[in-house]
Amino acid sequence: MEYMLMIYGDEAAMQGRSQEDIGQVVGAFMAYTEAMKTAGVLVASGRLRPTSTATTVRIADGKTQVLNGPYAETREQLGGYYLIEAPDLDAALSWASRCPGAAFGTIEVRPIWQM
Amino acid sequence: MRRGSGDACGTAEAVVRRSYGKLVAFLASRTGDVAAAEDALSDAFAAALAEWPANGVPENPEGWLTVVARRKIIDAGRRRRHVDDAAAPLLLIAEELEAVNIAADIPDERLRLMFACAHPAIDPAIRAPMILQTILGFDAAAIGSAFLVAPATMGQRLVRAKTKIREAGIPFRVPEANEISERLDAVLSAIYAVFAEGWSDPAGAETRQRGLAEEGIWLARLVASLLPGEPEALGLLALMLHAEARRDARRNDGDYVPLAEQDPALWDATLIDEAEAVLLRASAMGIVGRYQLEAAVQSAHVARRRTGRTEWTAIERLYDALLTITGSPVVAVNRAVAIGESRSAEAGLAALDAIANDTRLAAYQPYWAARAELLARSGDAAAAALAYHQAIGLESDPAVRRFLQRRRAALPVN
């Protein structure tokens, strides 16, 4: 099965960190990504730029609206994702628990609808 | 050799009752789909009721039901494939299922099913109901009435939980050694919840509730037999056996009898002996846990049947250890009661005062009842009356309510 690991965290706190701290976190994420590749579970991954760069689009009354900003203002924001292939939820949860983001935020694990 | 058709319906029902959980576990652990396994099994059961009276009971009724249920799952998989191609993986699984050779003995995979039902990804409140339904075949109405939830609501929650198992890919497996203690705890507390629902009706006035206590013990026996090296599984079984042994002594003509006033002659010696033997086996493994300690408390209480006196000092120490492990306010109340017996009423009251700020205790009847008893013993009748009043208002069991009212009435007038 495929699972999406979504990394939520307080991006303001992240931005407030020292350069050295950020370097450590980025290094940890790179090692984590490598481990996933080596284990053959990684399908795709990405780190999102902050919500200040977000733009939302929706169609209301037949008119396309483009708005500056994220979908919703929340305390923690989606900062990145891993799409992985795992035999079951326990395997996916085990990967999620190793994610460096779990130490400062929350990882939401969702199964992908099988097509 | 086939038996006559006369008792075919009875045999079909007996096989389903005995083998329900085993067959659901066998089918569900291969498809990941609990609801589909249950549906297929109920279709197979209907087929048995139609065929067995006419053609006789097959030699291996369990195997017969499994083969028919498997066929139903495969058919359902094929039908779904016509509707949408998304069912293709299911079809693959169904074909795998077909390839499994059904020997004379269906492997017992109930433990795996229980671990799926009590998975951390499943809402804790629905774990015990799920185990009741999938292992024992209880319907949503029976489970709902046991847990004081409307049957329709309970039905929806069960459906949602089974959907989550299927769609989130919750595995049917016994966890590895490094995670088993935490995961086993969820299974044990679900079984304990089953038992506690039955225990809440000590008079056994409601046969369904009484049945739940017995089913809880049955489940605990099952887990203890499948995981004989897990001391906490044995501890839970010992705890339940101890409680069950005193069932008849808890009531006298419908009136509530507190443990300290029970007649040991009314305790079931066979169950107590079994409980002690199970607890001894658990403690020999050298890993203490919550259920073993609770069982040990029971053990210290029933020592009275031999010595004539309750080992309150031992009980106090056991509750000390339990409090360290659980931090539970319920344990803290029991510990205060033990202190009230082993030392003095004032010492017990001081232990209660130390936890009085816990807001969870405001609506906890045993806290107020304990407080009332200790206040009465320390000579403060007015405060005791107030505490009894609070306890009476919080109690739902009429027999216990009457007992508390009598205690309050017996207070000296001041």
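1. Quick word on the overall build of chain A
If you tally the helices and strands in chain A, you get 3 helices and 6 strands. Scanning chain A from its N terminus toward the C terminus, one meets helices and strands in the order β-α-α-β-β-β-β-α-β. Based on the C-alpha atoms only, the size of chain A along its principal axes is roughly 45 × 45 × 20 Å. Residues classed as buried in chain A amount to 17% of the 115 residues present. Sequence separation of at least 24 residues holds for 76% of the intrachain contacts in chain A that already meet a minimum separation of 6.

2. Section: the overall build of chain B
Within chain B, the secondary structure is distributed over 20 helices and 2 strands. By residue count, 42% of the 414 residues in chain B fall in the buried class. Restricting to contacts in chain B with at least 6 residues of sequence separation, those with at least 24 account for 63%.

3. Focus: the confidence of the model for chain B
Residues and elements named next belong to chain B. When pLDDT is averaged across chain B, the result is 87; 89% of the residues are at 70 or more. Averaged pLDDT values for the elements of chain B fall to 58 in helix α4 (residues 88-99) and rise to 97 in helix α12 (residues 269-283). As scored by the predictor, the complex reaches a pTM of 0.78 and an ipTM of 0.73.

4. Some points on the pairing of strand β5 (residues 77-85) of chain A
Residue and element names in this part refer to chain A. Here 8 bridges tie strand β1 (residues 2-9) to β5, and the two strands are oriented antiparallel to one another. The partner of I7 across the bridge, within β5, is G80. Where strand β2 (residues 42-47) lies against β5, 5 bridges are found, and the strand directions are antiparallel. Paired with G46 across the bridge in β5 is Y81.

5. Remarks on the nonpolar core
Residues and elements named next belong to chain B. Counting residues in hydrophobic clusters, the biggest one holds 134 residues, and the most contacted among them are I131 and I191. When residues of this core are assigned to their parent elements, the largest contribution, 11 residues, is made by helix α1 (residues 8-31). Excluding residues within four positions of it along the chain, I131 makes contact with M114, C117, A190, I191, V194 and L219.

6. So, the interface of chain B and chain A
At the junction of the two partners, chain B supplies 8 residues and chain A supplies 7 residues. Here the residues of the side of chain B that touches chain A are counted per class, giving 6 nonpolar, 1 polar and 1 charged.

7. Topic: the packing of α1 of chain B against helix α6 (residues 124-136) of chain B
Residue and element names in this part refer to chain B. Running from N to C, α1 and α6 cross one another at 100°; their axes reach a closest spacing of 6 Å. With respect to their mutual orientation, α1 and α6 come out roughly perpendicular. Residues Y20, G21 and V24 of α1 lie in contact with α6, whose contacting residues are T134, I135 and L136. For the contact of α1 with α6, the class distribution of residues is 4 nonpolar, 2 polar and no charged.

8. Some remarks on the sheet that holds strand β6 (residues 106-111) of chain A
Residues and elements named next belong to chain A. Ordered by their spatial adjacency, 4 strands build an open sheet running β2-β5-β1-β6, and the pairing between neighbours is antiparallel. A strand with exactly one partner marks an edge of an open sheet, and here the two such strands are β2 and β6. Going across the sheet, the axis of each strand differs from the next one's by a mean of 20°, ignoring polarity. Where β1 and β6 come together, 6 bridges link them in antiparallel fashion. Paired with M6 across the two strands is E108, which belongs to β6. Contacts between helix α2 (residues 19-39) and the sheet are confined to β2 and β5, with β2 contributing the most and set at about 165° to the helix. The strands touched by helix α3 (residues 89-98) within the sheet are β1, β5 and β6, with β6 carrying the most contacts at an inclination of about 155°.

9. Section: the environment of Q77 of chain A
Residue and element names in this part refer to chain A. Looking at where Q77 falls in the secondary structure, it is placed in strand β5. Classification of Q77 by C-beta neighbours within 10 Å gives buried; the count is 21. Remark: the alpha-carbon pair of Q77 and I112, spanning 35 residues in sequence, is separated by 21 Å. In contact with Q77, not counting residues within four places along its chain, are Y8, E11, T51 and P70.

10. Quick notes on the environment of A277 of chain B
All names here are of chain B. Checked against the element boundaries, A277 lands in helix α12. For A277, a count of 13 C-beta atoms within 10 Å translates into the label partly exposed. Between the C-alpha atom of A277 and that of A168, which follows or precedes it by 109 residues, the distance is 41 Å.

11. Here we look at the pairing of strand β3 (residues 55-60) of chain A
One face of the sheet, then the other: side chains in a regular strand alternate in exactly this way. All names here are of chain A. Across the 6 residues of β3, 0 count as buried, placing the element largely on the outside. Note: β3 against strand β4 (residues 63-68), 6 bridges, orientation antiparallel. Each bridged residue has a counterpart across the sheet, and for V57 the counterpart in β4 is V66. Hairpin connection of β3 to β4: 2 residues between the antiparallel strands, including D61 at a positive phi of 50°.

12. Brief notes about the packing of α1 of chain B against helix α5 (residues 110-117) of chain B
Residues and elements named next belong to chain B. Look at α1 against α5: their axes get within 8 Å of each other, and the N-to-C directions meet at 70°. As far as their axial angle goes, α5 and α1 are roughly perpendicular. Residues G21, K22, V24, A25, A28 and S29 of α1 form the contact with α5, whose own contacting residues are R110, R112 and L113. Residues of the contact of α1 with α5, tallied by class, amount to 4 nonpolar, 2 polar and 3 charged.

Calculation criteria
Residues numbered from 1 in each chain as written. Chains lettered and ligands numbered in written order. Predicted model: local features only at pLDDT ≥ 70, side-chain atom pairs only at ≥ 80, totals over all residues. Helix = DSSP H or I, 4+ residues; strand = E, 2+ residues; numbered from the N terminus. Buried ≥ 20, exposed ≤ 12 C-beta atoms within 10 Å, placed from the backbone. Contact = placed C-beta atoms within 7 Å. pLDDT = per-residue confidence, 0-100. Pairing = 2+ DSSP bridges. Core = buried A, V, L, I, M, F, W, Y, C linked by C-beta atoms within 7 Å. Nonpolar A, V, L, I, M, F, W, Y, C, P; charged D, E, K, R; others polar. Axes fitted to C-alpha atoms, helices over the stretch in contact; angles between N-to-C directions. Parallel < 35°, antiparallel > 145°, perpendicular 65-115°, else oblique.

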